[in-house]
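Take a look at the letters that make up each chain.
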Amino acid sequence: MACEIRELQEFQHKHGDIIEAMKKMTLLGDMTPARFLREYWHKKPLLVRQAIPGFKPLLKRDALFDLARQDDVESRLITHFDRHWELRHGPIDKTPAFSQKEWTLLVQGVNLHQDAADRLLRQFNFIPDARLDDLMISYATDGGGVGPHFDSYDVFLLQAHGQRRWRIGPQKDLSLVEGMPLKILKNFKPEQEYVLEPGDMLYLPPHYAHDGVAIGECMTYSVGFRTPHYQELGEAFLQFMAETIELPGRYADPELTPARAPAEISTAMLQKVHHQLQQITFDAADVAIFLGEYLSEPKPSVFFKAPARPLSLARFIEAAGKRGIKLSRKTHMLYRGKHIFINGESFTAGRAEQKPLLLLANQRQLAGDALATASSDVLETLHQWYGDGWIELG
Ligand code: SIN
Ligand code: CO
């Protein structure tokens with residue numbers, strides 16, 4: 001048995017890329033990720049019939065509603081009763097009757113709370129982790145939806161249960177109805193219409209107008225992406241720089257002459273300060289550290305669950321060697337060169353340390369034998385992450 005497992009691991013190791021590519025191809029029908037990115041990503045919609053053949057919902061309706069009740073889960077309830085749109089933010093304790101038409105419950109970040117949802121999201125990893133956002137699940141009664149709108153990011157809409165009619169269009173007029181609690185397009189002009197069955201998937205580029213309406217009870221899974229505003233990045237970068245800069249010394253003016261206009265800021269003062277502030281420079285390495293810390297920062301609602309009775313370092317090393325380790329569903333781990341980022345923190349790894357950590361970041365798990373050669377620094381760091389709930393034993 002042990003021998004078979006080792007053979008399987010060796011096979012997976014040797015043919016890992018092929019296995020990964022096969023998995024990725026399944027999601028996009030017979031299209032390779034390279035062709036999808038070249039021809040469709042950010043450019044035009046793609047409908048994939050039976051992207052996941054025989055797909056079944058990963059969690060039942062009741063489990064979804066239980067999540068919506070939690071205050072660490074982002075959820076929304078949207079009703080469209082008597083042609084009137086209403087939006088309520090979660091936690092959602094009470095929903096309208098299932099027999100009532102035209103309402104929908106949306107639960108964000110389900111991947112943070114359920115392994116199967118996390119695995120589904122990770123199947124989209126032909127797109128870098130730094131761009132992947134979350135898996136949202138919507139439940140709707142007959143006629144339910146969020147109205148005709150557009151999103152500023154790409155989205156994969158996977159039908160999980162029941163049917164949904166999507167009407168979509170490339171319209172340029174993205175003006176919205178004023179005074180609405182949600183984004184509703186004023187002049188929606190759909191050009192195509194598709195009815196999606198469980199397992200079918202529709203990709204839409206950013207700003208592509210769409211309206212999905214449930215035909216009977218339905219559940220739709222949306223895989224969304226992060227598209228930070230440059231303004232938001234710029235402001236966060238300046239905050240990062242504020243903690244990084246070093247400008248020694250104080251303002252001094254030994255050459256001062258008597259002031260003729262005491263309220264005026266002198267040219268000499270302006271030039272001196274200007275010169276000093278020009279010492280604040282940054283390069284690509286500063287941007288890399290900022291970006292890694294910023295993008296790996298968990299959302300404010302995320303809390304890690306530390307083990308109730310954590311193992312000592314020695315016991316942890318022994319258990320990890322046997323069972324391997326994996327990143328918590330909530331952990332963001334990225335890297336750039338020798339800089340490793342995890343949950344908003346960064347550090348520099350030496351050459352020997354990089355190998356297991358980069359493997360862990362890319363695969364989100366590490367087999368026990370990959371830890372056999374890990375340095376004591378790496379093992380101590382992993383033990384600390386385990387104590388924080390950032391990684392778990394496999
Ligand atoms: C939904 O699942 O109802 C909405 C998804 C979307 O339109 O982006
Ligand atoms: Co949308």
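Model, not experiment: these values are computed from the prediction.

Chemist: How do you make sense of the overall build of the protein when you look at a structure like this?
Modeler: Looking only at helices and strands, the protein has ten helices and 15 strands in total. For the protein, the spread of C-alpha atoms along the principal axes amounts to about 85 × 70 × 45 Å. Looking at the protein as a whole, 39% of its 394 residues qualify as buried. Residue pairs in contact within the protein that sit at least 24 positions apart in sequence constitute 77% of those at least 6 positions apart. Only carbon and sulfur atoms are counted for the fraction: they give 54% of the accessible area of the protein, which is about 22900 Å².

Chemist: When you look at the domain arrangement of the protein in this model, what are you seeing that I'm missing?
Modeler: Along its sequence, the protein is organised into domain 1 (40-225) and domain 2 (313-393). Taken together, the contact pairs nine residues of domain 1 with six residues of domain 2. With both chains or domains summed, domain 1 and domain 2 bury close to 720 Å², and 45% of this area falls on carbon and sulfur atoms. Together, Leu112, Arg122 and Asp129 form the three largest contributors to the area buried by domain 1 at its contact with domain 2, with a combined 53%. The tally of links between domain 1 and domain 2 comes to one salt bridge. Taken together, the connections running from domain 1 to domain 2 amount to three residue pairs in polar contact (both at pLDDT 80 or more).

Chemist: It is not clear to me how the packing of helix α9 (residues 351-363) against helix α10 (residues 376-388) should be interpreted in this structure. Could you clarify?
Modeler: Two packed helices can be described by the angle between their axes and the distance between those axes. In contact at an axis separation of 9 Å, α9 and α10 are set at 35 degrees when each is read in the N-to-C sense. The segment α9 lies against α10, with Glu353, Pro356, Leu357 and Leu360 engaging Asp377, Val378, Leu382 and Trp385. Each residue belonging to the contact of α9 with α10 can be placed in one class, and the counts come to six nonpolar, no polar and two charged.

Chemist: Just checking my understanding: could you explain the pairing of strand β2 (residues 75-81) for this structure?
Modeler: Consecutive side chains along a regular strand alternate between the two faces of the sheet. Burial runs high along β2: five of the seven residues are buried. Here β2 runs beside strand β4 (residues 103-107); their pairing, made up of five bridges, is antiparallel. In the strand pairing of β4, Arg76 is matched with Leu106. In terms of strand pairing, β2 meets strand β3 (residues 84-89) through six bridges, oriented antiparallel. In the strand pairing of β3, Phe81 is matched with His84. Following β2, the chain reverses through two residues before pairing antiparallel with β3; Asp82 in that reversal takes a positive phi of roughly 50 degrees.

Cut-offs and rules
- Residues numbered from 1 in each chain as written.
- Chains lettered and ligands numbered in written order.
- Predicted model: local features only at pLDDT ≥ 70, side-chain atom pairs only at ≥ 80, totals over all residues.
- Heavy atoms only, no water.
- Helix = DSSP H or I, 4+ residues; strand = E, 2+ residues; numbered from the N terminus.
- Buried < 20%, exposed > 50% of the residue type's maximum accessible area, 1.4 Å probe, protein only.
- Contact = heavy atoms within 4.5 Å.
- Areas by Shrake-Rupley, 256 points an atom, 1.4 Å probe, with all protein chains shown as cover.
- Domains from an automatic or database assignment.
- Buried area = accessible area lost by both parts, 1.4 Å probe.
- Salt bridge = Lys/Arg side-chain N within 4 Å of Asp/Glu carboxyl O.
- Polar contact = N/O pair within 3.5 Å; in protein donor to acceptor, adjacent residues only side chain to side chain.
- Axes fitted to C-alpha atoms, helices over the stretch in contact; angles between N-to-C directions.
- Nonpolar A, V, L, I, M, F, W, Y, C, P; charged D, E, K, R; others polar.
- Pairing = 2+ DSSP bridges.

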